[in-house]
Amino acid sequence: MALVSQTGPSHSIRTEIVRYKAGKMVVVSMTYHMKASKMKELCGGFLSSSCNSSKKEQILCINDSGFRCNRGHRIIVAASPPAEDAVIARGPLTKEDLVDYLASGCKPKEKWRIGTEHEKFGFEFGTLRPITYEQIEELLNGIAERFDWEKIKEGDYIIGLKQGKQSISLEPGGQFELSGAPLETLHQTCAEVNSHLYQVKAVAEEMGIGFLGIGFQPKWALKDIPIMPKGRYHIMRNYMPKVGTLGLDMMFRTCTVQVNLDFISEADMIRKFRAGLALQPIATALFANSPFMEGKPNGYLSMRSHIWTDTDNNRTGMLPFVFDDSFGFEQYVDYALDVPMYFVYRKKKYIDCTGMTFRDFMAGKLPCIPGELPTLNDWENHLTTIFPEVRLKRYLEMRGADGGPWRRLCALPAFWVGILYDEVSLQKVLDMTVDWTAEERQMLRNKVPKSGLKTPFRDGLLRHVAEDVVQWARDGLERRGFKESGFLNEVTEVGRTGVTPAEKLLELYHGKWRQTVDPVFEELLYRGESDSCGTGGFFCV
């Protein structure tokens, strides 16, 4: 482990990095010296009471490198998965280390950021068929060379790109994903989205390829979807049919847009987690955009959302325990420890560990790597294989929305920022939802994919609740002072009318399109700057 030793006015930080070379474990020690004043500056002077009120005597320090100082001045440095270099504690990881990892996400409000991720379907203009891995490889190489992105490879295959804090990755069926950088404002978020889509379009158009913003593949069957050459996906593909009937559809035929948001403390995380879970069905309805399957209506407004109800119930859902009085970082760790694993990443290979739990791993009881113990990299990897409606890592992920066209990619983060980053709006949501029962929250989760904002709820329709919530989000954005409320224009109209994007598509299907889905590839095509992130007289660039 890395240790901080105090020697008067200065501090010495010693970090041990364990590297694996040619089957041998090499320990590299590095020592840094700095004045106490500099250490305090680095760590932000952030007291542990922000993240763990029960241990006030400890100091919690966070900096941009991911350092966390507490519990006797111990530091754990988290590495990004998958990685060969794992910065780990000397000796077995403890449950406390796993709790510390989540708590290390706590940030003062001035360091809160907005991280937006979105996925899209690539298709050939001439045939509308999904693009193959070979086409994706050419596209990735073209973007890398033309726009100076770093290539990410698995074996001989290019599987993504990285540039600064942005990354492009591939979902199992070739869905093209941008994971955006952590940004301060929604204007920056939308500029990032526009820049990305411009770069993709510049290369893809020359190849006769377009991209579709929708939540579920509207035309093609599972057998028509290519499989990306990523080791983890082969493991998941074999495991999914054992635990649900729709897992392969989730992997290969869905697209989402989500936002990742910060918290200042454990208490703040709990409030945002609860608000996010309670409102997630409303977000699902507002952004419902997946009514077609294999060329015809599928009976749902959000088929993507419905699919998650029968993918793998051990790792999905509405997490009712988040509303327990005892909930906190430790309780989420307990939950994650018992979620079955998919894999362990060793020596640049994914090892199938399906069916075993991380708790087994902590005890050295994985048959796939007998006697071996986990690193923080393994924990970080494992957390990415848990798929509830709201997911906790070192930030909170809002995961309930369908993928959509440009004009809605900025509306989703705007909705959640207006609620969760504004204390007044957040408290209004918590006050409204405090007496919602677990059964009511689950009822909304189950019914919204089919009935959207017309879902009956208490004395009215969900639309009436959604209209209030969208207004609170708008008010929250106004109070932020960045003139961001225009990004909500698209969903404001949905909330006011109760007509979801999916219902508008169905109206076109039964009318103008004459019962064929092919025109949706034109309707929801990512075109260019004129199809910006919003409507109503504002621009995102």
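Anyway, here's the lowdown on the structure attached to this text. No experiment lies behind these values; they were computed from the predicted model shown. (Residues numbered from 1 in each chain as written. Predicted model: local features only at pLDDT ≥ 70, side-chain atom pairs only at ≥ 80, totals over all residues. Heavy atoms only, no water.)

**Considerations on the overall build of the chain**
Next, step 1: Broken down by element type, the chain carries 19 helices and 23 strands.
Next, step 2: Split into buried and exposed, the 541 residues of the chain put 60% on the buried side.
Next, step 3: When the accessible surface of the chain is summed, it comes to about 21,900 Å², and 52% of that surface belongs to carbon and sulfur atoms. (Helix = DSSP H or I, 4+ residues; strand = E, 2+ residues; numbered from the N terminus. Buried < 20%, exposed > 50% of the residue type's maximum accessible area, 1.4 Å probe, protein only. Areas by Shrake-Rupley, 256 points an atom, 1.4 Å probe, with all protein chains shown as cover.)

**Re helix 7 (residues 266-286)**
One turn of an α-helix holds 3.6 residues; hence residues three or four places apart share an orientation.
Next, step 1: Between the first and last C-alpha of helix 7 there are 29 Å, a value that for 21 residues agrees with the 30 Å anticipated at 1.5 Å per step.
Next, step 2: Burial analysis of helix 7 places 18 of its 21 residues in the buried class, the great majority of the element. (Expected span 1.5 Å × (residues − 1).)

**Re the nonpolar core**
Next, step 1: Judged by nonpolar contacts, the single largest core of 151 residues is most densely connected at Phe 176, Phe 273, Tyr 332, Trp 379, Phe 415 and Trp 416.
Next, step 2: If you tally residues by element for this core, the top one is helix 7, at 11 residues.
Next, step 3: Excluding residues within four positions of it along the chain, Phe 273 makes contact with Leu 319, Val 322, Phe 327, Tyr 332, Val 390, Leu 392 and Leu 396. (Core = buried A, V, L, I, M, F, W, Y, C linked by side-chain atoms within 4.5 Å. Contact = heavy atoms within 4.5 Å.)

**Section: the pattern of salt bridges**
Next, step 1: Under the defined criterion, the tally for this structure stands at 34 salt bridges.
Next, step 2: One salt bridge in this structure joins Asp 334 and Lys 95, with 2.7 Å as the shortest N-O distance. Here Asp 334 is found in helix 9 (residues 329-337), whereas its partner Lys 95 is found in helix 2 (residues 95-103), with 239 residues between them in sequence.
Next, step 3: Relative accessible area serves as the criterion here: at 25%, Asp 334 is assigned to the partly exposed category.
Next, step 4: The class of Lys 95 is partly exposed, set by a relative accessible area of 29%.
Next, step 5: Close ionic contact of Glu 522 with Arg 527 constitutes a salt bridge, the shortest N to O distance being 3.1 Å.
Next, step 6: Residue classification places Arg 527 among the partly exposed residues on the basis of a relative accessible area of 30%. (Salt bridge = Lys/Arg side-chain N within 4 Å of Asp/Glu carboxyl O.)

**Focus on the environment of Ser 104**
Next, step 1: If you trace the backbone, Ser 104 turns up in the loop between helix 2 and strand 7 (114-124).
Next, step 2: Judged by its relative accessible area of 8%, Ser 104 falls in the buried class.
Next, step 3: Taking the C-alpha atoms as reference, Ser 104 lies 9.7 Å from Lys 393; in sequence the two are 289 residues apart.

**Things to note about the pairing of strand 9 (residues 157-163)**
Next, step 1: Bridging between strand 8 (residues 150-154) and strand 9 involves 5 bridges; their strand directions are antiparallel. The residue of strand 9 that forms the bridge with Glu 150 is Lys 162.
Next, step 2: Note: strand 9 against strand 10 (residues 166-170), 4 bridges, orientation antiparallel. When the bridges of strand 10 are listed, Leu 161 appears paired with Ile 168.
Next, step 3: Connecting the antiparallel pair strand 9 and strand 10 is a turn made up of 2 residues, with Gly 164 showing a positive phi of about 60°. (Pairing = 2+ DSSP bridges.)

**What to know about empty space enclosed by the protein**
Next, step 1: If you walk through the whole model with that rule in mind, you get 4 cavities of 30 Å³ or more.
Next, step 2: Volume-wise, the largest cavity comes out at about 80 Å³.
Next, step 3: As for the largest cavity, its lining consists of Phe 121, Gly 122, Pro 130, Ile 131, Gly 173, Gly 174, Gln 175, Gln 217, Ile 225 and Phe 252.
Next, step 4: Of the residues contributing to the lining of the largest cavity, the split by class is 5 nonpolar, 5 polar and no charged. (1 Å grid on protein atoms, 1.4 Å probe; cavity = no way out; pocket = protein on both sides within 12 Å on 5 of 7 lines; lining within 4 Å. Points joined across faces, edges and corners; volume = space filled by probe spheres on them. Nonpolar A, V, L, I, M, F, W, Y, C, P; charged D, E, K, R; others polar.)

**Some thoughts on the packing of helix 7 against helix 16 (residues 462-480)**
Next, step 1: Orientation of helix 7 relative to helix 16, taken along the N-to-C sense of each, is 95°, at an axis distance of 10 Å. In terms of orientation, helix 7 and helix 16 fall into the roughly perpendicular class. Residue-level contacts link Leu 279, Pro 281, Ile 282 and Leu 286 of helix 7 to Leu 462, Val 465, Ala 466, Val 469 and Val 470 of helix 16.
Next, step 2: Residues belonging to the contact of helix 7 with helix 16 are distributed by class as follows: 9 nonpolar, no polar and no charged. (Axes fitted to C-alpha atoms, helices over the stretch in contact; angles between N-to-C directions. Parallel < 35°, antiparallel > 145°, perpendicular 65-115°, else oblique.)

**A few points about the state of the cysteines**
Next, step 1: What the rule picks out here adds up to 2 disulfides.
Next, step 2: Here Cys 190 is linked by a disulfide to Cys 410, with a sulfur-sulfur distance of 2.1 Å. Its S-S torsion of about 95° marks the bond between Cys 190 and Cys 410 as right-handed, since a negative value means left-handed. Remark: Cys 410 occurs in the loop between helix 12 (406-409) and helix 13 (411-420) and Cys 190 occurs in helix 4 (residues 186-204); sequence separation between them is 220 residues. For the residue pair Cys 190 and Cys 410, the accessibility class agrees, reading buried in each case. (Disulfide = S-S within 2.5 Å.)

**Remarks on the environment of Ser 265**
Next, step 1: Within the secondary structure, Ser 265 is located in the loop between strand 13 (256-261) and helix 7.
Next, step 2: Ser 265 sits 156 residues away from Lys 109 along the chain, and the two C-alpha atoms are 10.0 Å apart.

**Here we look at unusual backbone geometry**
Next, step 1: Backbone geometry places Glu 294, a non-glycine residue, at a positive phi of 50°.
Next, step 2: Mapped onto the elements, Glu 294 comes out in the loop between strand 14 (292-293) and strand 15 (296-297).

**Re the side chain of Arg 232**
Next, step 1: Here Arg 232 lies in helix 5 (residues 231-239).
Next, step 2: Despite its burial, Arg 232 pairs with no opposite charge; the closest candidate is Glu 154, at 7.8 Å N-O. (Lys, Arg positive; Asp, Glu negative; His and termini not counted.)

**Here's the deal with the packing of aromatic side chains**
A ring pair, where both rings are aromatic, is described by two values, the distance of the centres and the angle of the planes.
Next, step 1: Scanning all chains against the criterion turns up 23 aromatic pairs.
Next, step 2: Between Phe 176 and Phe 211, the ring centres sit 5.4 Å apart and the planes meet at 45°, which makes this aromatic pair tilted. Remark: Phe 211 occurs in strand 12 (residues 209-212) and Phe 176 occurs in strand 11 (residues 176-179); sequence separation between them is 35 residues.
Next, step 3: Look at Phe 211 and you get buried, because its relative accessible area is 4%.
Next, step 4: Where Phe 273 meets Tyr 332, the ring centres are 6.0 Å apart and the plane angle is 50°; that geometry is what we call tilted. On the criterion of sequence distance, the pair formed by Phe 273 in helix 7 and Tyr 332 in helix 9 is long-range, its members being 59 residues apart.
Next, step 5: Classification of Phe 273 as buried rests on a relative accessible area of 0%.
Next, step 6: Feature note: the residues Phe 273, Phe 321, Phe 327, Tyr 332 and Tyr 335 constitute an aromatic cluster, connected by ring pairs.
Next, step 7: For Arg 315, the ring lying beneath its charged end belongs to Tyr 342, and the centroid distance is 4.0 Å.
Next, step 8: Residue placement shows Arg 441 over the ring face of Phe 323; its charged tip is 3.4 Å from the ring centre. (Phe/Tyr/Trp six-rings, centres within 6.5 Å; stacked < 30°, edge-to-face > 60°. Lys NZ or Arg CZ within 6 Å of the ring centre and 35° of its normal.)

**What to know about the packing of helix 7 against helix 15 (residues 438-451)**
Next, step 1: Running from amino to carboxyl end, helix 7 crosses helix 15 at an angle of 15°, the nearest separation of the two axes being 9 Å. Between helix 7 and helix 15, the angle falls in the class roughly parallel. The element helix 7 and its partner helix 15 pack so that their crossing is left-handed. Residues Ala 278, Pro 281, Thr 284 and Ala 285 of helix 7 form the contact with helix 15, whose participating residues are Arg 441, Leu 444, Arg 445 and Val 448.
Next, step 2: The class makeup of the residues in the contact of helix 7 with helix 15 is 5 nonpolar, 1 polar and 2 charged. (Left-handed = near helix turned anticlockwise from the far one by under 90°.)

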